[in-house]
Amino acid sequence: MNRLLRGLTRLPWISGAFCRKSAGSPVCPRSMAASLLLFAAALFALTTLSAQTPPPDPIFQAMRDEIARALTLSLPNLEKPYFVEYVIDEEENFSVSATLGGVLARRQERFRSPDVHLRVGDYKFDNGNYLGSGFGGSRYDLARFPLEDNYPLLRRYFWLMADSAYKSAVESISRKRAAMRNMQQNEQLNDFAHADPVKSVRPLKRLVLDEEPWVTRVKALSAIFTQYPDVRNSDVELNASEGGLHMVNSEGSEVREPESVAFLRARAVAQAADGMSLRDAVTYHAVDAAHLPSEAELRRGIAELADNVVALAKAPMGEDYSGPVLFEGQAGAQIFAEVLARNLVLSRRPVADGGRGGGSQNSELDGRMGARVLPDTFDVVDDPTQKEWRG
């Protein structure tokens, strides 16, 4: 746009070269003045439109173009792709850890992790839901992805990802078809389900963090353990990250979702007189470092952690016990999630070579439809619309 403006101002009919001079002053005809006015209005509208329209995202564009190309992949007498999805997980991270007032490690990095999801066949039967999926095909080292939004470079990496995934997929669907010949065929569920496109594009942010004050704070927090000679080992760690993901698939979904998280964790280890190691930790989470607790609260929590570890090391050995256990607070929620919630998520058994189950672990509730799994005194409510609970 700047080049366009500079070029236009050099044109003679803009600078007044077509105007007649009268008494030393340029005089322009009315038609020329009107043309200049119309041009100025059009130029203003063009400038405004350019300012309002954001430039296209090179990552999205490369994903779209490579998905269109990947859907045309084919090998003689083999299935073609019917679903392709690219995901780029991006993160910028800063971390620092310290012990007894001295820095152990300090690191800042930015990386992108790519992933491709490619299915051949159709929604009813494809290479998914098979224990052998993901093996075979070409192998490219794509664990890291370019950080620059260079369109030709991005397309090259997406091309390599799709090429490897396609060759692996056609091998998997052939093996899956052979394995199913040895299985008793009941009602066959579709391997994949079509979903309506999702459009959600939010801007990703770069990590903004004043590092030096946090390094000083982490060192000071770790120095608290110097007041506890019975603590054998300790450290304090800060980790702050900003990033998000790009996702585009062949069904028309396009998602760019930001993600940010920060946590500060302190760990301590003490040793009992009989040689047993006792350990404990405390972790504070927030959406970013600015929302972590105040330094006074962090100091209080770390001091309580140190006191607890020292007390555990000095406590007498507990007696052997066999009986009911009451879990409270956070431990109660965690045991509930592990024992009940995990078993409610019953995964479909994947196809394995020879028709065997492949050793996949089933839910403890499998085959207990209609039976009670908790005492009558328990009520369990799942309300997905609830956004907060006790703040």
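Residues numbered from 1 in each chain as written. Predicted model: local features only at pLDDT ≥ 70, side-chain atom pairs only at ≥ 80, totals over all residues. Heavy atoms only, no water.

## Considerations on the overall build of the protein chain
Looking only at helices and strands, one finds 8 helices and 8 strands in the protein chain. Within the protein chain, contacts between residues separated by at least 24 positions form 73% of all contacts whose residues are at least 6 apart in sequence. For the protein chain, the accessible surface area stands at approximately 25300 Å², while carbon and sulfur atoms represent 54% of it. (Helix = DSSP H or I, 4+ residues; strand = E, 2+ residues; numbered from the N terminus. Contact = heavy atoms within 4.5 Å. Areas by Shrake-Rupley, 256 points an atom, 1.4 Å probe, with all protein chains shown as cover.)

## Here's the deal with the pattern of salt bridges
Tallied over the full model, the rule gives 26 salt bridges. With a closest N to O distance of 2.7 Å, Arg155 and Glu66 form a salt bridge. Here the residue Arg155 occupies a position in helix 5 (residues 151-180), and Glu66 occupies one in helix 4 (residues 58-70), the gap between them amounting to 89 residues. You can call Arg155 partly exposed: its relative accessible area is 24%. Note that Glu109 is salt-bridged to Arg107, the shortest N-O span being 3.9 Å. Overlapping salt bridges bring together Glu90, Arg110, Arg112 and Asp149 as one network. (Salt bridge = Lys/Arg side-chain N within 4 Å of Asp/Glu carboxyl O. Buried < 20%, exposed > 50% of the residue type's maximum accessible area, 1.4 Å probe, protein only.)

## Some thoughts on unusual backbone geometry
For Asn129, which is not glycine, the phi dihedral falls at a positive 55 degrees. Mapped onto the elements, Asn129 comes out in the loop between strand 4 (102-120) and helix 5. Backbone geometry at Arg390 places phi at a positive 55 degrees, although glycine is not the residue there. Mapped onto the fold, Arg390 is located in the segment after helix 8 (329-344).

## What about the nonpolar core?
Core analysis: the largest hydrophobic core is formed by 34 residues, its most contacted members being Phe225, Val236, Leu238, Leu264 and Leu292. At the level of secondary structure, the elements contributing two or more residues to this core comprise strand 3 (81-99), helix 6 (211-222), strand 6 (231-249), strand 7 (254-271), strand 8 (277-286) and helix 7 (295-314). Counting residues per element, this core draws most heavily on helix 7, at 7 residues. In this structure, Leu292 is in contact with Trp214, Leu238, Ala262, Phe263, Leu264, Tyr284, His285 and Ala286, ignoring residues within four places of it in sequence. Counting 30 residues, the second largest nonpolar core, distinct from the first, contains Ala62, Phe145, Leu154 and Tyr157. (Core = buried A, V, L, I, M, F, W, Y, C linked by side-chain atoms within 4.5 Å.)

## Some thoughts on the side chain of Glu85
Residue placement: Glu85 occurs in strand 3. For the buried Glu85, no salt bridge is present, and the opposite-charge side chain at shortest range is Arg119, 8.4 Å distant. Beyond its immediate sequence surroundings of up to four residues, Glu85 is in contact with Asp115, Val116, His117, Met247, Val248 and Asn249. (Lys, Arg positive; Asp, Glu negative; His and termini not counted.)

## A look at helix 7
The terminal C-alpha atoms of helix 7, which comprises 20 residues, lie 29 Å apart, in line with the 28 Å expected from a rise of 1.5 Å per residue. Taken together, the buried positions of helix 7 are occupied by Leu298, Gly301, Ile302, Leu305, Ala306, Val309, Val310 and Ala313. (Expected span 1.5 Å × (residues − 1).)

## Re the environment of Leu207
When you line up the elements, Leu207 lands in the loop between strand 5 (199-201) and helix 6. Note: C-alpha distance between Leu207 and Ala240 (33 residues apart in sequence) is 8.2 Å. What Leu207 contacts, discounting residues up to four positions off in sequence, is Glu92, Asn93, Phe94, Ala240, Ser241 and Glu242.

## Regarding the packing of helix 6 against helix 7
Remark: helix 6 packs on helix 7, axes separated minimally by 10 Å, with the N-to-C direction vectors making an angle of 30 degrees. Looking at the two axes, helix 6 sits roughly parallel to helix 7. Considering only the axes of helix 6 and helix 7, their crossing is right-handed. Contacts between helix 6 and helix 7 involve Arg217, Ala220 and Leu221 from the former and Glu295, Leu298, Arg299 and Ile302 from the latter. The class makeup of the residues in the contact of helix 6 with helix 7 is 4 nonpolar, no polar and 3 charged. (Axes fitted to C-alpha atoms, helices over the stretch in contact; angles between N-to-C directions. Parallel < 35°, antiparallel > 145°, perpendicular 65-115°, else oblique. Left-handed = near helix turned anticlockwise from the far one by under 90°. Nonpolar A, V, L, I, M, F, W, Y, C, P; charged D, E, K, R; others polar.)

## A closer look at the packing of helix 4 against helix 5
Orientation of helix 4 relative to helix 5, taken along the N-to-C sense of each, is 40 degrees, at an axis distance of 9 Å. By the angle class used here, helix 4 and helix 5 are oblique. In this structure, the crossing between helix 4 and helix 5 has a hand that is right-handed. Along the contact surface, helix 4 presents Pro58, Ile59, Gln61, Ala62, Met63, Asp65, Glu66, Arg69 and Ala70, while helix 5 presents Tyr151, Leu154, Arg155, Phe158, Trp159 and Ala162. Partitioning the contact of helix 4 with helix 5 into residue classes produces 10 nonpolar, 1 polar and 4 charged.

## Considering the side chain of His246
Along the polypeptide, His246 turns up in strand 6. Looking at His246, its side chain comes within polar contact range of the side chain of Asp57, at 3.0 Å. Apart from the residues lying within four places of it in its own chain, the contact partners of His246 are Asp57, Ile59, Phe60, Met63, Tyr86, Val87, Ile88, Glu90, Leu204, Val255 and Arg256. (Polar contact = N/O pair within 3.5 Å; in protein donor to acceptor, adjacent residues only side chain to side chain.)

## Structural notes on a nonpolar patch on the surface
Together, Tyr321, Val325, Phe327, Ile335, Phe336, Val339 and Val380 line one region of the surface with nonpolar side chains, adding up to about 680 Å² of accessible area. Mapping Tyr321 onto the fold places it in the loop between helix 7 and helix 8. With a relative accessible area of 57%, Tyr321 lands in the exposed category. (Patch = residues over 30% accessible without salt bridge, like charges linked within 9 Å, V, L, I, M, F, W, Y side chains within 5 Å.)

Scope: geometric values only; no functional claims are made or implied.
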